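Residue-level listing of the chains:
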Amino acid sequence: MGNTLDQITNYCQEHGVSSVLIGLTDLDGVIRGKCIDLAKFKDLVVSTGGICDCIFGWDIDDHLYDFESVGASFDTPFTGWHTGFPDLKYRIVSSSARVLSGSGMPFFIGELASADGSNYHPLCPRSILRQVIDGLGQDNTHTAAGFEYEFFVIDEPPHALRERNYHGLESIQKGRFGYSLLRAAEHSQQLTDLVAYLRGLDISVEGLHYEADPGTWEAALTKRCLLDAADAASLFKTFVKSYFQERNGLATFMAKWSMNFPGQSGHFHFSLQDSNNTELLLMQDGELNELGRYALGGLVKYVPDWLPMFAPNVNSFTRLDKGAWAPIGACWGYDNRTCAFRVIQGEDSAFHIENRIPAADSNPYLVAAATLAAVKLGIDRKIEPPSPIAGDAYKDASVRTYGRFTPTLREAANRMAASTSAKDVFGREFVEHFAASRIWESREAERNVNDWQLKRYFEAI
């Protein structure tokens, strides 16, 4: 289709398409969007459009925040009834052009803009990541990155699950058989069809397999430049869900949907390179160099303060537990999957660092922004990391004590709200609004009755 206005217009005329679809990612990682008439789209390419700022004023269930009721407040709340919910300005990222299969409708990523339409928006996740990237670029540094997601596939349409209150879920595969060649051969058409569907959306999957738990798939997205990688990850989650819903199924990216299974990850892999694409964090023998140590020092020091950017929901914290293939504290090791930060050694392109904290429910823009911001702070401030952990990090005394992550979303959000480093890097307005939204999420969980409470208390109390 191309990404110039003439190419897009010609495509639409040739295929009888009169509208385009635009999507903007909110703080929860949900893509909010609208269908735009082609004539209107032509104006937006050279100017800005408008969308109600309620996309930052409501939660993932579209209930408006009431921050006063949860004891969280700003000096100047970003949005609410007091502002009248005005429009936010957004611009179209023309280079993000894709065509939706089936309808043939063009799709574009949108990014929120400042009031004058020319700068970053303080709450826009994509803008926040771009600011971090621009900061790295000042040092002639760029990032190669890729996301890796586990997701669970149900063999029933969403309305059927809602009617049963999400009980008695039937997975698309039966039995535990991780990395099974037998299962891959048996269901090879499922795998190849999904990969082809995503490739048509410029979402390249370099690896796809079944995990040990029945119905759990894992996809590793192809490494690319940082912003493109985050764009692809955001679209991956939405369009995987769309793919299965079109086939009367459902894919969920919850961090942990059942206590019978470990949980679903959203790992982030990255490396830093100079203008010649030379790796900056390792020596010729494949070991970490001084910059590599400082990068890990920044990750270990700052990421715990910014934990809600990696674990944004109450459910996220059920996964950060011993034995769940997820870290419980800030630590690092060489090729150690019990650590928060796993260093994969190798020559040049093989070398990278994996952030194993995020679950599948995380917002890829915020995960990438927070990870690379911590790396930059570590390098700028020459922060030496603790010693690497060999073996079981769950049993390491330093991880279990001072390195342990805050155990709940509410506590993690309060810690982030108090973090000077977070406000310095991401801006006060974002930190206070995002932290307050996570406290609201905690309150919503705390004030609702769930199955665990009924089973535990109904008869015994």
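Just above, that's the structure.
Procedures and definitions
- Residues numbered from 1 in each chain as written.
- Predicted model: local features only at pLDDT ≥ 70, side-chain atom pairs only at ≥ 80, totals over all residues.
- Heavy atoms only, no water.
- Pairing = 2+ DSSP bridges.
- Helix = DSSP H or I, 4+ residues; strand = E, 2+ residues; numbered from the N terminus.
- Axes fitted to C-alpha atoms, helices over the stretch in contact; angles between N-to-C directions.
- Buried < 20%, exposed > 50% of the residue type's maximum accessible area, 1.4 Å probe, protein only.
- Arc of directions from axis to C-beta.
- Contact = heavy atoms within 4.5 Å.
- Parallel < 35°, antiparallel > 145°, perpendicular 65-115°, else oblique.
- Left-handed = near helix turned anticlockwise from the far one by under 90°.
- Nonpolar A, V, L, I, M, F, W, Y, C, P; charged D, E, K, R; others polar.
- Salt bridge = Lys/Arg side-chain N within 4 Å of Asp/Glu carboxyl O.
- Polar contact = N/O pair within 3.5 Å; in protein donor to acceptor, adjacent residues only side chain to side chain.
- Core = buried A, V, L, I, M, F, W, Y, C linked by side-chain atoms within 4.5 Å.
- Phe/Tyr/Trp six-rings, centres within 6.5 Å; stacked < 30°, edge-to-face > 60°.
- Lys NZ or Arg CZ within 6 Å of the ring centre and 35° of its normal.

## Things to note about the sheet that holds strand E5 (residues 106-112)
1) Next: An order of E2-E1-E5-E4-E3 is seen for the five strands of this open sheet, with the pairing classed as mixed. Every interior strand has two partners, whereas the edge strands, strand E2 (31-37) and strand E3 (49-52), have only one. Each strand of the sheet is rotated relative to its neighbour by a mean of 40°, with strand direction disregarded.
2) Next: The pairing of strand E4 (residues 87-99) with E5 spans six bridges and is classified as antiparallel. Note on E5: the bridge partner recorded for Val99 is Pro106.

## A word on helix H12 (residues 409-417)
1) Next: Listed as buried for H12 are Leu409, Ala412, Ala413 and Met416. Taken around the axis of H12, the buried residues stretch over an arc of 100°, which confines them to a single face.
2) Next: The inward-facing, buried residues of H12 contact helix H9 (316-319), helix H13 (420-426) and helix H14 (428-446).

## Observations regarding the packing of H12 against H14
1) Next: Running from N to C, H12 and H14 point in directions that differ by 165°, and their axes come no closer than 9 Å. By the angle between their axes, H12 is roughly antiparallel relative to H14. Crossing hand, H12 versus H14: left-handed. Note on element contacts: H14 touches H12 through Phe430, Val431, Phe434, Ala435, Arg438, Ile439, Glu441, Ser442, Arg443 and Glu446, opposite Leu409, Arg410, Ala413, Asn414, Met416 and Ala417.
2) Next: Broken down by class, the residue content of the contact of H12 with H14 amounts to nine nonpolar, two polar and five charged.

## Thoughts on the pattern of salt bridges
Oppositely charged side chains may form a pair once their charged atoms are brought near each other.
1) Next: All chains considered together, the criterion is met by 21 salt bridges.
2) Next: Two residues, Glu354 and Arg356, come together in a salt bridge whose shortest N-O distance is 3.3 Å.
3) Next: Owing to a relative accessible area of 1%, Glu354 belongs among the buried residues under this scheme.
4) Next: Between Lys376 and Asp380 there is a salt bridge whose closest N-O contact spans 3.3 Å. Here the residue Lys376 and the residue Asp380 both occupy positions in helix H10 (residues 364-381), the gap between them amounting to four residues, near one helical turn.
5) Next: The partly exposed category is assigned to Asp380, whose relative accessible area is 45%.
6) Next: Through salt bridges with shared partners, a single network forms among Glu111, Arg126, Arg130 and Asp231.

## Details of the side chain of Ser234
1) Next: Inspection of the secondary structure assignment puts Ser234 in helix H7 (residues 226-245).
2) Next: In this structure the side chain of Ser234 is engaged in a polar contact, spanning 3.3 Å, whose partner is the side chain of Thr25.
3) Next: Once residues within four sequence positions are removed from consideration, Ser234 is found in contact with Thr25, Ile31, Pro364 and Tyr365.

## Observations regarding the nonpolar core
1) Next: Counting 117 residues, the largest nonpolar core has Phe147, Phe151, Phe236, Trp306, Phe341, Phe426 and Phe430 as the members making the most contacts within it.
2) Next: When residues of this core are assigned to their parent elements, the largest contribution, 12 residues, is made by H10.

## Structural notes on the pairing of strand E13 (residues 341-344)
1) Next: Residues Phe341 and Val343 line one face of E13 and the alternating positions Arg342 and Ile344 line the opposite face, and both faces are buried.
2) Next: Taken together, the three bridges between strand E12 (residues 332-334) and E13 define a ladder with parallel strand orientation. Residue pairing across strands places Gly333 opposite Arg342, the latter belonging to E13.
3) Next: Two elements, E13 and strand E14 (residues 352-355), share four bridges in a ladder whose sense is antiparallel. When the sheet's bridge partners are listed, Ile344 is paired in E14 with His352.

## Considerations on the packing of helix H3 (residues 125-137) against H10
Packed helices, taken two at a time, are described by their axes: the angle between them and the distance between them.
1) Next: The contact between H3 and H10 brings their axes to 8 Å, and the two run at 25°. Judged by the angle between their axes, H3 and H10 are roughly parallel. As H3 runs across H10, the sense of the crossing is left-handed. On the side of H3, the interface is formed by Pro125, Arg126, Ile128, Leu129, Val132, Gly135 and Leu136, while H10 contributes Tyr365, Leu366, Ala368, Ala369, Leu372, Ala373 and Lys376.

## As for the packing of aromatic side chains
1) Next: Under the defined criterion, the tally for this structure stands at 27 aromatic pairs.
2) Next: Seen in terms of ring centroids, Tyr149 and Phe236 are 5.9 Å apart; in terms of plane orientation they differ by 15°. Their pairing is stacked. Of this pair, Tyr149 sits in strand E6 (residues 142-154) while Phe236 is found in helix H7, placing the two residues 87 residues apart along the sequence. This pair shows no difference in class: Tyr149 is buried, exactly as Phe236 is.
3) Next: Their ring planes at 85° and their centres at 6.2 Å tell us that Phe236 and Phe253 sit as a pair that is edge-to-face. With a gap of 17 residues between them, Phe236 in helix H7 and Phe253 in the loop between strand E10 (250-252) and strand E11 (266-273) connect regions that are remote in the sequence.
4) Next: Exposure remark for Phe253: the relative accessible area of 6% places this residue in the buried category.
5) Next: Grouping aromatic residues by their ring pairs yields a cluster made of Phe147, Tyr149, Phe151, Tyr197, Trp217, Phe236, Tyr243, Phe244, Phe253, Phe268 and Phe270.
6) Next: Just above the ring of Tyr243 sits the side chain of Arg247; from NZ or CZ to the centre is 3.7 Å.

## A few points about the environment of Asn336
1) Next: Mapped onto the elements, Asn336 comes out in the loop between E12 and E13.
2) Next: Here the alpha-carbon distance between Asn336 and Pro388, two residues 52 residues apart in the chain, equals 9.4 Å.
3) Next: For Asn336, the contacting residues outside a window of four places in its chain are Arg342, Arg356, Ile389, Ala390 and Gly391.
4) Next: A polar contact is formed between the side chain of Asn336 and the backbone oxygen of Gly391, at a distance of 2.8 Å.

## Some details on the pairing of E14
1) Next: Neither face of E14 is exposed, since His352 and Glu354 on one face and Ile353 and Asn355 on the opposite face are all buried.
2) Next: Relative to E14, E11 runs antiparallel, the two sharing three bridges. Opposite His269, over in E14, you have Glu354 as the bridge partner.

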